[in-house]
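Spelled out, the chains give:
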Amino acid sequence: MKKLREIRVLVLYNWKPLTGFALLYKLVSVLIFVPLLWGIFDLIMKAGGYAYLTLENIGAFLTDWRTVPLLLLLFILAASYAMIDISAVVFTLDLLDSWNR
C-alpha cells in the first residue's frame, strides 16, 4: 500500500514530463510505427499470395509456411514497441524520483 502511495505522489508531482513523453511517444508511434507495422503486414500478405483476408482464407493464410515466421516477427516487433513504452514510463518515474530525493 505504501508503494502505491509513492507511485501516486510521483505521478501527480511529475505529470507534466510524463504527459509530454506520452504525447510525443504516441505521436511518433502514429506517424512511424503504426504505418511500419501495417506495411510489414502487407508484405506478409503479398509473400503469402493474398490480396485480402476473409473467413474462408484466414486458416490457409495462418498455416502457410511463409506467413508463420513472418507473423511471429511482426508480433515480436509489436511487443517490443509496447515494452519500450512501458519501460520508458517506469524509467522516467524512477529518474524523477531520484531527482526529487
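In this numbering scheme, every chain counts its residues from 1 along its sequence in written order. pLDDT decides what is reported in this predicted model: residues at 70 or higher carry local features, side-chain atom pairs at 80 or more are listed and counted, and totals for whole chains, interfaces and linings draw on all residues regardless. Neither water nor hydrogens contribute to the side-chain values; these are computed over all heavy atoms in the structure.

1. Let's talk about the confidence of the model for the chain
Stage number 1. The share of residues in the chain with pLDDT of 70 or more is 94%, and the mean pLDDT across the chain is 83.
Stage number 2. The lowest-confidence element of the chain is helix 1 (residues 2-13), averaging 74 in pLDDT; the highest-confidence one is helix 3 (residues 58-63), averaging 89. Per residue, pLDDT captures the predictor's confidence, and it can take any value from 0 to 100. Numbering of helices and strands runs from the N terminus, with a helix taken as a DSSP run of H or I at least four residues long and a strand as a DSSP run of E at least two residues long.

2. Quick notes on the pattern of salt bridges
Stage number 1. By definition here, a salt bridge exists when the distance from a side-chain nitrogen of Lys or Arg to a carboxyl oxygen of Asp or Glu is within 4 Å. One pass over the structure, following the stated rule, counts two salt bridges.
Stage number 2. The partner of Asp 85 in a salt bridge is Lys 26, with the nearest N and O atoms 2.8 Å apart. Taken as a pair, Asp 85 in helix 4 (residues 67-100) and Lys 26 in helix 2 (residues 15-48) lie far apart in primary sequence, 59 residues in all.
Stage number 3. A relative accessible area of 39% places Lys 26 in the partly exposed class.
Stage number 4. One salt bridge connects Asp 64 with Arg 66, and the closest N-O pair in it is separated by 3.1 Å.
Stage number 5. Residue class for Asp 64 comes out buried when judged on its relative accessible area of 12%.
Stage number 6. Relative accessible area serves as the criterion here: at 33%, Arg 66 is assigned to the partly exposed category. When a residue's accessible area, from a 1.4 Å probe over protein chains only, is under 20% of the maximum for its type it is buried; when over 50% it is exposed; and in between it is partly exposed.

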